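Chains, contacts and geometry: an overview
The residues making up each chain are set out below.
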Amino acid sequence: MQTDIDPRNLIGRKAFDRNGTKIGTIDEVYLDDATGVPEWAAIRTGLFSRDAFVPLEPSELIEGTLKVPFDRSLIKDAPDFGVGRHLSPEQELQLYHHYGLDITSPPPPDHDFGNLAGTEDADM
């Protein structure tokens, strides 16, 4: 995915699976602790459903929508960690394994940098 896009501009956009089936709407974007690059999107999968985490890499932003290169069923079966809080390295690793993605380096130490896009640190 483009790394120069403002993650706040992803919130509210529609997301579709590899077959063009609508998954839902992006609720939140999570940034990498070490780099600050958008890494995960939480997608609301239905009116009374939960949010599903999807990797932003290898997803693509095409004509204002997020195309996720996985089947809708795999996305809906992703581990549920709740939204609005920090993802630990262990949780990220579970998500990477769920999607069959290989990470080349071990996860960084767990630091809570308030990495939810669009939030402000109260101590600043």
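The structure we're discussing is the one just above.
So, how was this worked out
- Residues numbered from 1 in each chain as written.
- Predicted model: local features only at pLDDT ≥ 70, side-chain atom pairs only at ≥ 80, totals over all residues.
- Heavy atoms only, no water.
- Helix = DSSP H or I, 4+ residues; strand = E, 2+ residues; numbered from the N terminus.
- Buried < 20%, exposed > 50% of the residue type's maximum accessible area, 1.4 Å probe, protein only.
- Lys, Arg positive; Asp, Glu negative; His and termini not counted.
- Salt bridge = Lys/Arg side-chain N within 4 Å of Asp/Glu carboxyl O.
- Contact = heavy atoms within 4.5 Å.
- Phe/Tyr/Trp six-rings, centres within 6.5 Å; stacked < 30°, edge-to-face > 60°.

Attention shifts here to the side chain of Glu92. Mapped onto the fold, Glu92 is located in helix H2 (residues 89–98). As a buried residue without a salt bridge, Glu92 has its nearest oppositely charged side chain in Arg85, at a separation of 14 Å. When sequence neighbours within four positions are dropped, the list of residues in contact with Glu92 reads Glu39, Trp40 and Leu87.

A ring pair, where both rings are aromatic, is described by two values, the distance of the centres and the angle of the planes. Evaluated as defined, the whole model comprises four aromatic pairs. Plain terms: the ring middles of Trp40 and Tyr96 are 5.0 Å apart, the flat faces sit at 65° to each other, and that makes the pair edge-to-face. Taken as a pair, Trp40 in strand S3 (residues 38–44) and Tyr96 in helix H2 lie far apart in primary sequence, 56 residues in all. Each member of the pair, Trp40 as well as Tyr96, carries the same accessibility label: buried. Summarising the aromatic geometry, the rings of Phe53 and Phe81 are spaced 6.4 Å apart at their centres and angled 45° between planes, so their arrangement reads as tilted. Here Phe53, found in strand S4 (residues 51–55), pairs with Phe81, found in the loop between helix H1 (72–76) and H2; they are 28 residues apart in sequence, far enough to count as distant. Judged by its relative accessible area of 14%, Phe81 falls in the buried class. An aromatic cluster is built from Tyr30, Phe53 and Phe81, whose rings are joined through pairwise contacts.

None of this, on its own, says anything about what the molecule does.
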